[in-house]
Structures are given as C-alpha cells and as structure tokens.
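Listed below, chain by chain, are the residues.
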There are 2 protein chains.
Amino acid sequence: MIKFDREKHVYQSQEFEELIKDTIRFFNGTPVHTLPPPEKFYGTGVYAIYYIGKFPQYKKIYEQNRMSFNHPVYIGKAVPTGWRQARSIHAIGEKTFELHTRLKEHSTSISHASNIENKDFRCRFMILENDASSMIGTVEAALIRFYTPLWNSSIDGFGNHDPGKGRYNQAKSDWDVLHPGRPWAEKCQGVHSTGVSVKENIATYFTKFKE
Amino acid sequence: MIKFDREKHVYQSQEFEELIKDTIRFFNGTPVHTLPPPEKFYGTGVYAIYYIGKFPQYKKIYEQNRMSFNHPVYIGKAVPTGWRQARSIHAIGEKTFELHTRLKEHSTSISHASNIENKDFRCRFMILENDASSMIGTVEAALIRFYTPLWNSSIDGFGNHDPGKGRYNQAKSDWDVLHPGRPWAEKCQGVHSTGVSVKENIATYFTKFKE
C-alpha cells in the first residue's frame with residue numbers, strides 16, 4: 001500500500017497564473033457591443049454584460065461605468081453542447097451558435113423585465129474554440145472571482161431558465177423579485193424573497209464594492 | 001457603433017495547450033490509492049476512479065487496467081463551496097475537505113450497489129488550490145475529453161445525489177439500473193431505461209473504445 005502524502009497531489013503552476021492574466025487582458029480588449037450583438041456568429045466562450053442605465057438600486061454601477069466599461073453586472077459562459085458528458089462530437093467545421101444564443105436569451109430576459117431596458121446594456125465576449133474550449137470554465141471562474149458581478153453573487157437567478165411544466169412549485173428568484181416580468185418566473189408559486197430583503201442584499205453588496 | 005468582426009473575439013493560445021498537457025501528465029503521475037483514500041485530507045481538485053474488478057459487462061476495462069491504471073471509469077471534480085456564485089470567501093488558511101468528501105460519497109454509492117465492490121476500485125486525484133482552483137473545470141473537461149470514461153458518457157448517473165423529498169417522481173439513472181442498490185435511487189418512480197438498453201449502450205461504447 002502506498003503511503004499517503006498530500007503534497008504529492010498538489011499541482012503548482014506559475015505559468016497558469018500568467019496564462020489566466022493573459023486571457024483576462026485579452027477579454028478586456030475585445031470590442032463592446034449592444035445586447036444582443038448586431039450579427040449572429042458561431043462559437044462558444046465567455047461573456048460579460050454591462051449595465052449603463054439608471055435603475056436606482058444600481059447607481060454605483062452606473063457611476064463606475066460612466067467613462068468606460070469597468071464593472072460587469074453579469075458574467076457567464078456558453079459551452080459546446082454535450083460538453084459535460086464528453087458527448088461533444090461536432091463534426092469538424094460544424095458551426096454551432098451557443099454564445100450568440102445565450103446572449104439573445106439574456107436580451108429576452110431583460111426585455112421582459114418591467115424596470116430595465118435592453119438599450120442600457122452592453123456586452124463583451126471572447127470565443128474559445130477547439131482545444132481552447134476546455135478553458136471556458138476556468139476563464140469564467142477567474143472573471144467571476146475578479147469582478148464578483150452583482151447578478152452572479154448577491155442577486156441570483158438572471159441566468160435561470162423556465163423550470164417547465166410540473167416544476168412551478170419553486171420560488172421565483174431574487175432577480176425576478178427585483179426585475180419582475182419574465183412570464184415563466186411569474187408562474188412560480190414558491191415563497192420568494194421580499195423586495196425589502198433583496199434590496200438589503202444589494203446594499204450589502206455595494207458596501208463591499210471596490211471603488 | 002463598432003463594426004462587428006468575429007475574429008477580434010477569438011482567443012488563440014499555444015501556451016494553453018502546453019499547460020493542459022502538463023497538468024494531465026502531472027495527474028497521471030500522482031499516486032493511486034484505495035477508494036476512499038486511507039486518510040482524510042483537505043482541498044479541492046480533480047479525481048479519476050479506476051475499476052479493476054470482473055463485472056462481466058466491464059471485461060474490456062479489466063483487460064485495459066490489467067497491468068497499470070490506464071483507463072478511468074469515471075472522472076470528476078470537487079470545487080470550492082460557493083465557487084459558482086463567487087461566494088468562495090474561505091478565510092485564509094481555512095481548510096475544507098471537498099475532494100475527500102466527494103470520494104467518500106462515491107465509495108458509499110459503490111458499497112450500496114449489489115454487483116460491484118469497493119475493494120475493486122482505486123482512485124487518483126490532483127489538488128488544485130488558491131488561484132489554481134479556477135483551473136479545476138478545465139482540467140476535468142480535458143481529462144473527460146481525453147478518456148471519455150464509461151460512467152461520464154454512456155452510463156449516466158453515478159455522480160447523482162438523492163433528489164430529495166417531493167422529487168422521487170423522476171426516473172432512476174442508467175447507472176442505478178445497472179448497479180441497483182442505492183436506497184434513494186430505488187425510491188425513484190419514473191420510467192427508467194431497461195437493463196437491455198443499458199447493456200446495449202455499454203456494448204456500443206466498447207466498439208468505439210480505443211484498445
């Protein structure tokens with residue numbers, strides 16, 4: 001029996017940290033577009049959504065993004081279909097549109113919400129394809145850790161999908177409490193957070209917010 | 001408005017491919033242990049589970065692992081708690097045990113199954129901590145893509161958890177059809193696959209299996 005030694009299992013890599021910084025810098029150098037972007041495009045990858053409007057609870061975000069796109073409100077990823085199950089057997093050259101589709105879904109969510117508007121959102125995205133597609137989760141995680149966007153942390157639910165028939169016994173998310181209007185969210189019957197508690201979460205978030 | 005140019009969004013990195021190969025090689029050089037490992041240890045990361053027993057359907061796996069640990073039956077990850085939501089605010093030096101806990105859960109699943117035994121399993125794992133923890137998803141994905149383990153691809157459900165009260169209307173997984181015994185899986189009421197179809201899936205898997 002092999003003697004157990006934890007240190008033999010710990011991976012260390014200086015190169016890795018450098019590589020992550022390199023990808024984040026690349027990301028922050030990609031062009032900013034409307035939400036959804038003006039053209040359909042193929043590919044998978046990572047994206048950020050920025051808010052530049054004046055929803056009262058998001059005043060600090062507005063201030064932070066007054067002169068440039070500094071602080072995303074949401075970061076997400078679009079992975080190849082079947083990726084988790086190693087079933088990603090796209091034919092060579094086959095084009096799939098996951099990233100664009102995801103951004104369109106987000107745009108639809110926002111257009112349903114009664115108190116925010118699509119015209120006040122922008123997005124940035126980075127396409128990771130072929131072998132680099134396995135880096136998608138890492139880049140997303142690194143960006144979320146770096147920015148801690150509001151809709152990834154204190155206000156949950158923006159990225160949710162319609163739970164579907166037979167599952168509307170769950171509660172609508174905090175995001176849907178704050179931005180009511182998505183038809184499927186309004187069908188959810190569970191006991192959701194109050195508007196007051198959601199606003200408290202936002203206030204707490206901004207007390208920790210790096211200026 | 002910025003003109004749309006897909007190429008401006010595509011990330012290319014030769015270094016990345018090298019780094020992934022480096023991590024996979026490190027992984028394959030870590031010591032192999034019993035399942036669960038003989039000591040409790042802290043940390044998050046990626047693991048592989050190997051089968052060295054003689055379950056009839058897994059004869060090819062047995063043959064492949066006859067002289068060394070060549071082909072995992074399952075690959076998984078254990079990420080820091082709250083990682084997805086950027087809520088990973090462990091105090092510096094705080095020790096959490098996600099990887100060990102996950103391997104113990106798998107060991108429990110196997111001990112409940114009526115036709116496979118813990119003594120016929122081994123595991124290998126790689127701890128990714130601090131900044132390297134954001135690499136966990138990438139390394140797991142790369143390993144799954146490289147090995148396409150049976151329980152990650154053709155036989156689904158090994159990594160599932162008890163769906164919990166009020167959700168036993170779903171079907172038990174193909175893994176639970178093949179290896180019956182987990183108490184919560186036996187409570188599931190939905191229409192599951194037949195043993196015949198599951199065995200066909202295994203046969204199909206092995207026809208694609210690289211010798």
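Residues numbered from 1 in each chain as written. Chains lettered and ligands numbered in written order. Predicted model: local features only at pLDDT ≥ 70, side-chain atom pairs only at ≥ 80, totals over all residues. Heavy atoms only, no water.

All names here are of chain B. Where helix 1 (residues 14–28) meets helix 4 (residues 136–147), the axes come as close as 10 Å, and the angle between the chain directions of the two elements is 80°. When the interaxial angle is binned, helix 1 and helix 4 end up roughly perpendicular. Where helix 1 abuts helix 4, its residues Phe16, Ile20, Thr23, Ile24, Phe27 and Asn28 lie against Thr138, Val139, Ala142, Leu143 and Tyr147. Residues belonging to the contact of helix 1 with helix 4 are distributed by class as follows: eight nonpolar, three polar and no charged. (Axes fitted to C-alpha atoms, helices over the stretch in contact; angles between N-to-C directions. Helix = DSSP H or I, 4+ residues; strand = E, 2+ residues; numbered from the N terminus. Parallel < 35°, antiparallel > 145°, perpendicular 65-115°, else oblique. Contact = heavy atoms within 4.5 Å. Nonpolar A, V, L, I, M, F, W, Y, C, P; charged D, E, K, R; others polar.)

A word on unusual backbone geometry. A negative phi holds for most residues other than glycine; trans holds for most peptide bonds. All names here are of chain A. A cis amide bond links Leu35 with the next residue in sequence, Pro36, at an omega value of -10°. With respect to the element layout, Pro36 can be found in the loop between strand 1 (33–34) and strand 2 (45–51). Even without a glycine there, the phi angle at Thr148 is positive, about 40°. With respect to the helices and strands, Thr148 occurs in the loop between helix 4 (136–147) and helix 5 (174–178). Overall, the relative accessible area of 25% leaves Thr148 in the partly exposed class. (Buried < 20%, exposed > 50% of the residue type's maximum accessible area, 1.4 Å probe, protein only.)

Another aspect to go through is the side chain of Ser153 of chain B. Here Ser153 of chain B is to be found in the loop between helix 4 and helix 5 (174–178). Within the local environment of Ser153 of chain B, its side chain forms a polar contact with the backbone oxygen of Pro149 of chain B, the two atoms lying 2.9 Å apart. (Polar contact = N/O pair within 3.5 Å; in protein donor to acceptor, adjacent residues only side chain to side chain.)

A few words on the domain arrangement of chain A. All names here are of chain A. Taken domain by domain, chain A comprises domain 1 (28–151) and domain 2 (161–211). Taking only C-alpha atoms, the centre of domain 1 and the centre of domain 2 are 20 Å apart. Listed as interface residues are 21 residues of domain 1 and, on the opposing side, 15 residues of domain 2. Buried area between domain 1 and domain 2, summed over both chains or domains, comes out near 1600 Å², and the portion from carbon and sulfur atoms is 60%. Area buried by domain 1 at its contact with domain 2 is led by Gln57, Lys60 and Leu150, which between them contribute 31% of it. Our count for the contact surface shared by domain 1 and domain 2 stands at zero salt bridges. Seen at the junction of domain 1 and domain 2, the total is nine residue pairs in polar contact (both at pLDDT 80 or more). The set of elements that each furnish at least two residues to the side of domain 1 that touches domain 2 consists of helix 2 (59–64), helix 3 (98–112) and helix 4. The element best represented in the side of domain 1 that touches domain 2 is helix 3, accounting for four residues. Within the side of domain 1 that touches domain 2, the residues separate by chemical class into 10 nonpolar, eight polar and three charged. (Domains from an automatic or database assignment. Buried area = accessible area lost by both parts, 1.4 Å probe. Salt bridge = Lys/Arg side-chain N within 4 Å of Asp/Glu carboxyl O.)

Once chain B has been moved 0.1 Å along the axis and rotated by 180°, it coincides with chain A to within an RMSD of 0.1 Å. One copy is carried onto the other by what is essentially a two-fold rotation axis. Interface overlap between copies is the fraction of interface residues in one copy that are interface residues in the other; for chain B against chain A it reaches 100%, indicating a shared surface. (Least-squares fit on C-alpha atoms with pLDDT ≥ 70 in both.)

What follows is about the pattern of salt bridges. All told, the structure shown has 20 salt bridges over all chains when counted by the stated rule. Glu105 of chain A is the partner of Arg102 of chain A in a salt bridge, and the nearest nitrogen-oxygen pair spans 2.7 Å. Residue Arg102 of chain A and its partner Glu105 of chain A are located together in helix 3, separated by three residues, close to a single helical turn. Residue classification places Arg102 of chain A among the buried residues on the basis of a relative accessible area of 15%. For Lys59 of chain B, the salt bridge is made with Glu63 of chain B, and the minimal N-O distance between the two is 3.0 Å. Of this pair, Lys59 of chain B and Glu63 of chain B both sit in helix 2 (residues 59–64), four residues apart, which is roughly one turn of the helix. Using a relative accessible area of 42% as the deciding quantity, one classes Glu63 of chain B as partly exposed.

The subject of this paragraph is the interface of chain B and chain A. The interface of chain B with chain A comprises 56 residues on the first partner and 57 residues on the second. In this assembly, chain B packs against chain A so that about 5200 Å² is buried in total across both faces, 59% of it on carbon and sulfur atoms. Of all residues in chain B, the largest losses of buried area upon contact with chain A belong to Phe4, His9 and Tyr11 of chain B, amounting jointly to 17% of the total for that side. Connecting chain B to chain A are two salt bridges. Arg6 of chain B is the salt-bridge partner of Glu129 of chain A, the closest N and O atoms lying 2.8 Å from each other. If you look at where chain B meets chain A, you find 15 residue pairs in polar contact (both at pLDDT 80 or more). Residue assignment for the side of chain B that touches chain A shows that the elements contributing at least two residues are helix 1, strand 1 (33–34), strand 4 (121–127) and helix 4 of chain B. Here the residues of the side of chain B that touches chain A are counted per class, giving 25 nonpolar, 17 polar and 14 charged.

As a further point, take the nonpolar core. Residues Val46, Leu128 and Leu143 of chain A together with Val46, Leu128 and Leu143 of chain B are the most contacted members of the largest nonpolar core, which totals 40 residues. Those elements giving two or more residues to this core turn out to be helix 1 (14–28), strand 2 and helix 4 of chain A together with helix 1, strand 2 (45–51) and helix 4 of chain B. Residues within four places of Leu128 of chain B in sequence aside, it is in contact with Tyr11 of chain A together with Thr44, Gly45, Val46, Ser133, Ile136 and Val139 of chain B. (Core = buried A, V, L, I, M, F, W, Y, C linked by side-chain atoms within 4.5 Å.)

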